[in-house]
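A closer look at the structure
What follows is each chain in one-letter form.
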Amino acid sequence: MTAFRLSNSNYYSQEANQHFQSASMFKGFQSCEARAMAQLNGWKPAETESKALLVGNYVHSYFESPEAHRAYIEDNKKQMISSQGKTKGKLKSDYRDADRMIAALNLDKRFQQSYMAGQKEIILTGKIGGVPWMGKLDSYIPGQSFFMDLKTVEDMHKRFWIADPVKGHWGSFIEDRNYPLQMAVYQELIEQKYHIHAEPIIVAVTKQNPPDKAFVAIPQEYLDTAMSQLLEVQDHIEAVRSGRIPPKRCEQCDYCRATKHLGQIISMNELIE
Ligand SMILES: [Zn+2]
């Protein structure tokens, strides 16, 4: 057995990713194996690509604890303050949006009674299809029949084309970001640790002014489908992750664009495949 102990301080580390599969890494492998492998080996996306994630983390940290929020600000001070133009020295507009999102939730009674009443950032581990997985619950009361996950989004009613190989269809940001997969994993890890079937509730809050907000349920059939799709492709992903199969390049993502060389001529139809 490995001596690695997963904790709050190493959860997002490269080492944790080498020991445990996670929903975000799994989704990374599904969208581009070459990029996911590069990330496992320390490659980092450009700042602009991760801005939305940073703002999301800022909102999360506020509701986690005052200490977590202070630590976030301490670590990210530089990129939170505008360094040029009329707004020089002021909080960047993304963070002003984030403060509005925080206020919109903070003033809501049901949010206080549910999300805020739960334990924050509970780390779970377990095995899915024989592979060690990790997950982090935003808010959960152990033993309770639901768990909550906070998601920030531009506009929760926006439609996305979901390129499902079986049946392409329009879906919301929840499907676009494959949250059913993440929530199916959390549901399974909760079941393994607490022996209870818990349902996910997405707490969605938008960047709009004023922000929109909603508690969103994901029907169980979507979670079940996501879990069976996970089990179907997991062996292949593990083979790539362990180096037994070379990673495939998607030739479209930021990593592939940054490392691309012109080669074969492609047909115009391949551009929109
Ligand atoms: Zn790629």
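About the cut-offs
- Residues numbered from 1 in each chain as written.
- Predicted model: local features only at pLDDT ≥ 70, side-chain atom pairs only at ≥ 80, totals over all residues.
- Heavy atoms only, no water.
- Phe/Tyr/Trp six-rings, centres within 6.5 Å; stacked < 30°, edge-to-face > 60°.
- Helix = DSSP H or I, 4+ residues; strand = E, 2+ residues; numbered from the N terminus.
- Buried < 20%, exposed > 50% of the residue type's maximum accessible area, 1.4 Å probe, protein only.
- Lys NZ or Arg CZ within 6 Å of the ring centre and 35° of its normal.
- Patch = residues over 30% accessible without salt bridge, like charges linked within 9 Å, V, L, I, M, F, W, Y side chains within 5 Å.
- Areas by Shrake-Rupley, 256 points an atom, 1.4 Å probe, with all protein chains shown as cover.
- Salt bridge = Lys/Arg side-chain N within 4 Å of Asp/Glu carboxyl O.
- Core = buried A, V, L, I, M, F, W, Y, C linked by side-chain atoms within 4.5 Å.
- Contact = heavy atoms within 4.5 Å.
- Donors = N, O, S within 2.8 Å, 3.2 Å for Na, K, Ca; no water.
- Tetrahedral: all angles 85-135°; square planar, octahedral: opposite > 155°, others 65-115°.
- Polar contact = N/O pair within 3.5 Å; in protein donor to acceptor, adjacent residues only side chain to side chain.

Looking now at the packing of aromatic side chains. Applying the stated rule across the entire model yields 13 aromatic pairs. With centroids separated by 5.0 Å and ring planes inclined at 85 degrees, the aromatic side chains of Tyr58 and Tyr95 adopt a geometry described as edge-to-face. Placement of Tyr58 in helix H4 (residues 51-64) and of Tyr95 in helix H6 (residues 93-106) is noted, with a sequence separation of 37 residues between them. The exposure classification of Tyr58 matches that of Tyr95, with both residues buried. Ring centres of Tyr140 and Tyr194 lie 5.6 Å apart, and the angle between their planes is 55 degrees; on these two criteria the pair is classed as tilted. Placement of Tyr140 in strand S2 (residues 131-140) and of Tyr194 in helix H9 (residues 179-194) is noted, with a sequence separation of 54 residues between them. Of the residues examined, Tyr140 reaches a relative accessible area of 1% and is grouped as buried. On the basis of relative accessibility, which here comes to 21%, the residue Tyr194 falls in the partly exposed class. Members of the aromatic cluster, joined through ring pairs, are Tyr62, Phe63, Phe111 and Tyr115. Looking at Arg159, its charged tip hangs above the ring of Trp170, at a distance of 4.7 Å from the centre.

This paragraph deals with a nonpolar patch on the surface. A cluster of nonpolar residues, Ile266, Met268, Leu271 and Ile272, forms a patch on the protein surface that exposes about 520 Å² of accessible area. Residue class for Ile272 comes out exposed when judged on its relative accessible area of 76%.

Right, let's talk about the nonpolar core for a bit. Phe29, Trp133, Leu137, Phe147, Phe173 and Leu230 are the most contacted members of the largest nonpolar core, which has 39 residues in total. With near-sequence residues (within four places) excluded, Leu137 lies in contact with Lys120, Glu121, Ile122, Leu124, Phe147, Tyr186 and Ile190. Counting residues in each nonpolar core, the second largest holds 18 residues, with Tyr58, Ala98, Met101 and Met148 among its members.

Let's shift gears to the environment of Val185. Residue position: Val185 is located in helix H9. Separated by 38 residues in sequence, Val185 and Leu223 have C-alpha atoms that sit 8.6 Å apart. Contacts of Val185, omitting those with residues within four sequence positions, involve Ile128, Trp133, Met227 and Leu230.

Perfect tetrahedral coordination of a metal by four donors corresponds to 109.5 degrees between them, and perfect octahedral coordination by six donors corresponds to 90 or 180 degrees. Cys32 (SG), Cys250 (SG), Cys253 (SG) and Cys256 (SG) make up the full set of protein donors to the zinc ion, lying at 2.3 to 2.4 Å. Around the zinc ion sit four donor atoms, and with donor-metal-donor angles ranging over 104 to 117 degrees the site reads as tetrahedral. Every donor residue of the zinc ion comes from the same chain, spaced as C-x217-C-x2-C-x2-C. You can call Cys253 buried: its relative accessible area is 15%. Judged by relative accessible area, which is 0%, Cys256 ranks as buried.

Evaluated as defined, the whole model comprises nine salt bridges. Here Lys136 makes a salt bridge to Glu121, at a shortest N to O gap of 3.5 Å. Taken together, the positions of Lys136 in strand S2 and Glu121 in strand S1 (residues 119-128) put the pair 15 residues apart, joining distant regions of the chain. With relative accessibility at 8%, the residue Lys136 sits in the buried group. Between Arg241 and Glu238 there is a salt bridge, with the nearest N and O atoms lying 2.8 Å from each other. Here Arg241 and its partner Glu238 are both found in helix H10 (residues 220-241), three residues apart, which amounts to about one turn of the helix. A relative accessible area of 13% places Arg241 in the buried class. The exposure class of Glu238 is buried, given its relative accessible area of 16%.

Along the chain, Gln39 turns up in helix H3 (residues 33-40). Gln39 gets classed as partly exposed once you look at its relative accessible area, which sits at 33%. For Gln39 and Gly28, which are eleven residues apart along the polypeptide, the C-alpha to C-alpha distance reads 9.1 Å. Beyond its immediate chain neighbours, meaning those up to four positions away, Gln39 contacts Gln14 and Pro45.

Let's shift gears to helix H2 (residues 23-31). For H2, the complete set of buried residues consists of Ala23, Met25, Phe26, Lys27 and Phe29. Of the surrounding elements, those touching the buried residues of H2 are helix H1 (14-19), H3, S2, H9 and H10.

On to the side chain of Ser61, then. Positionally, Ser61 belongs in helix H4. A polar contact is formed between the side chain of Ser61 and the backbone oxygen of Tyr58, at a distance of 2.8 Å. With sequence-adjacent residues up to four places away left out, Ser61 is seen in contact with Ala68, His69 and Tyr72.

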